[in-house]
Amino acid sequence: MKMTKIYEGSHQWIMFGRDEGKPNNIIDTNQYVVRTPNRCLLLDPGGAELFAPMMAAVLHHAPVDQITDLFASHQDPDVISSLGLWDQALTNAKLHAPAIWEGFLRHYSCESIEYVPIPDNGGTIKLESVELQLIPAHYLHSSGNFHVYDPQAKILMTGDVGAAIEGPDTPVFVDNFAAHVEKMRFWHQRWMPSNQAKRVWIERVRNLDIDILAPQHGRMFKGDDVKRFLDWFDALQVGIAV
Amino acid sequence: MTNQTKSQFIAVASITSELSAVMVVAKEISLAAANAKAIAFRAGDKAKGFQPITDFINELAKETIELVTNINIYALVLYRLTVDEFQKTAAYNKFELATKMAGDATYAKSMQEPVNQAKLSMQDCQRQFKRDVSQLLGQLEAVMHHARAARVIAANSRIEASQAGEYLQSLQAVAESVDKAAHTIHDNVQRCRIALSIYRNS
């Protein structure tokens, strides 16, 4: 599992992905960790297949008893089907996830972990001195969907928005936006169901100061590529399968 | 999922299937008992010895139905325990793999506690499963006992039927049906016991 530190300040952001041991027939995912002095938050911790490499990678940054928070942007198995395993490994943890998915996510088993339902209008996760904002991203693509914004690190974790499917050795940042567009087009047109939801989300996130836009698949966007992505997405017609 | 886990799931699921057939047969015995009682009543003195037998048959059928109902509830508990054991074992294996993959990571040792806990939970489940299987086998033995008793009653019924004059054929048919039902119960329950017995001492 490749680990890339993407922010270092009073706290850290680390991106995990490009797992070389991943079975070929499951989608590659990016996991993110926010590390404060005594706590650790896993964002979209991944599928059950990924649990062991993910846990092993996190142990380079935090002991198990300091993994206190998990966040699931939505209900998909590549996002959170490892929940039942984290549930048995962690003794004092919370899962922050959309309120409307609670009854569904509990199918993965969530007995010792406390489910903290995120209401439709969003909320915050307080991690020691760091306050992360939970930005509504409903219908992008899931009907109950949130992104995580860190105003201090200026990172917006965007789940499936900004995603692209690429090979295992792909760099972690977009280095040629024009070339990258074609890798994202079908994904966004097919997976994102609503032009209206897309417009509302773009209006919302254009007000945020973002240095890094961090999706759950593919490469992250930084600097001017963040605005380029928002402009490109704004102009894209989505929901093409009907 | 290992082959042993698969077999365990199949063994536990097959109990419910086998026992639902037993339940059908036990209800048939109960019906046969009611039928026999009516025939014996019509036969009067000619089937005097048969009358108390019909009560025995009915009682036996009722007890079998009750036992099977309880066993089915127990089998469901056993199924949940099997699921639990599967999850605990999967977690233990994944935790061990994570520890191995972590190698010399700064916090690799912090994984030891979850590994130990997962191992204990898994072993608890395995012990509980064996205990529950032993109890279930005991309950299945009780059903077998009822099936054997039903066969003895069927034999007695044949003797009593032979003295029932024109009712001989009807009462013999009742005896045959009880005997056949007892056979079916015996065979089905025996299959459950064979499927489960390997887990009692595994």
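Residues numbered from 1 in each chain as written. Chains lettered and ligands numbered in written order. Predicted model: local features only at pLDDT ≥ 70, side-chain atom pairs only at ≥ 80, totals over all residues. Heavy atoms only, no water.

Labelled according to an unreviewed UniProt entry, chain B appears under the name Chemotaxis protein, originating from Candidatus Methylobacter oryzae.

Going by an unreviewed UniProt entry, chain A carries the name MBL fold metallo-hydrolase and comes from Candidatus Methylobacter oryzae.

Undergrad: When you look at the UniProt feature "domain: Metallo-beta-lactamase" (unreviewed entry) in chain A in this model, what are you seeing that I'm missing?
TA: Look at the UniProt record and you will see "domain: Metallo-beta-lactamase" (unreviewed entry) annotated at residues 28-217 of chain A. Helix makes up 26% of residues 28-217 of chain A and strand 26%, and the two end C-alpha atoms of the span are 6 Å apart. (UniProt positions renumbered as here; feature names shortened; annotations may be inferred. Helix = DSSP H or I, 4+ residues; strand = E, 2+ residues; numbered from the N terminus.)

Undergrad: Help me understand the pairing of strand β8 (residues 123-127) of chain A in this model?
TA: Each regular strand displays side chains that alternate between the two surfaces of the sheet. Residues and elements named next belong to chain A. With five bridges joining them, β8 and strand β9 (residues 130-136) adopt antiparallel strand pairing. Its bridge partner being in β9, G123 is matched across the sheet by L134. Counting the residues between successive antiparallel strands, the hairpin from β8 to β9 contains two residues, one of them, E128, with a positive phi of roughly 55°. (Pairing = 2+ DSSP bridges.)

Undergrad: I'm lost on the packing of aromatic side chains in this one. Help?
TA: The description of two aromatic rings rests on the distance between their centres and on the angle between their planes. Applying the stated criterion to the full structure yields 13 aromatic pairs over all chains. With a centroid separation of 5.6 Å and 35° between ring planes, the pair formed by F51 of chain A and F95 of chain B is classed as tilted. With F51 of chain A in helix α1 (residues 51-58) and F95 of chain B in helix α2 (residues 50-102), this pair bridges two chains. Residue F51 of chain A shares its accessibility class with F95 of chain B, and that shared class is buried. (Phe/Tyr/Trp six-rings, centres within 6.5 Å; stacked < 30°, edge-to-face > 60°. Buried < 20%, exposed > 50% of the residue type's maximum accessible area, 1.4 Å probe, protein only.)

Undergrad: What should I look at first to understand the interface of chain A and chain B in this one?
TA: Where interface size is given, it is often the accessible area lost as the parts come together that is meant. Each partner contributes to the interface: chain A provides 17 residues, whereas chain B provides 17 residues. Taking both sides of the interface into account, the surface hidden between chain A and chain B amounts to around 1400 Å²; carbon and sulfur atoms contribute 73%. For chain A, the biggest contributors to the area lost against chain B are L59, H60 and Q88 of chain A; these three give 37% of the whole. One can count zero salt bridges joining chain A with chain B. Secondary-structure elements contributing two or more residues to the side of chain A that touches chain B are α1 and α3 (83-89) of chain A. When residues in the side of chain A that touches chain B are grouped by element, the largest group, five residues, is from α1 of chain A. For the side of chain A that touches chain B, the class distribution of residues is twelve nonpolar, three polar and two charged. (Contact = heavy atoms within 4.5 Å. Buried area = accessible area lost by both parts, 1.4 Å probe. Salt bridge = Lys/Arg side-chain N within 4 Å of Asp/Glu carboxyl O. Nonpolar A, V, L, I, M, F, W, Y, C, P; charged D, E, K, R; others polar.)

Undergrad: What should I look at first to understand the nonpolar core in this one?
TA: The nonpolar side chains of soluble globular proteins are, as a tendency, buried together. Residues L19 and L140 of chain B are the most contacted members of the largest nonpolar core, which totals 52 residues. Among the secondary structure elements, those contributing two or more residues to this core are α1 (3-43), α2, α3 (112-161) and α4 (168-200) of chain B. The leading source of residues in this core is α1 of chain B, at 14 residues. With residues up to four places along the chain from it excluded, the contact list for L140 of chain B reads L19, I71, V189, C192, R193 and L196 of chain B. Listed in part, the 46 residues of the second largest apolar core include A62, I67, C110 and Y115 of chain A. (Core = buried A, V, L, I, M, F, W, Y, C linked by side-chain atoms within 4.5 Å.)

Undergrad: Honestly, the packing of α1 of chain B against α2 of chain B in this entry has me stumped. Any pointers?
TA: Packed helix pairs are specified by the crossing angle of their axes together with the interaxial distance, meaning the distance between the axes. All names here are of chain B. Packing of α1 against α2 leaves a shortest axis separation of 8 Å and a crossing angle of 165°. By the angle class used here, α1 and α2 are roughly antiparallel. For the crossing formed where α1 meets α2, the hand is left-handed. (Axes fitted to C-alpha atoms, helices over the stretch in contact; angles between N-to-C directions. Parallel < 35°, antiparallel > 145°, perpendicular 65-115°, else oblique. Left-handed = near helix turned anticlockwise from the far one by under 90°.)

Undergrad: Hey, could you run me through the sheet that holds β9 of chain A in this one?
TA: Whether parallel or antiparallel, the strands of a sheet pair through hydrogen bonds between backbone atoms. As summarised here, the arrangement of the six strands in space is β8-β9-β10-β11-β12-β13 (chain A), forming an open sheet in which the pairing is mixed. At either end of the open sheet lies a strand with only one pairing partner, and these are β8 and β13 (221-222) of chain A.

Undergrad: Please explain the pattern of salt bridges as it appears in this structure.
TA: Pairing between side chains of opposite charge can happen when their charged atoms approach one another. Residue and element names in this part refer to chain B. Inspection of the entire model under this criterion finds 22 salt bridges over all chains. Across the pair D84 and K88 runs a salt bridge, and its minimum N-O distance is 3.3 Å. One end of the pair, D84, and the other, K88, are both in helix α2, four residues apart, so they sit about a helical turn from each other. Taking the relative accessible area as the measure of exposure, D84 reaches 27% and is therefore partly exposed.

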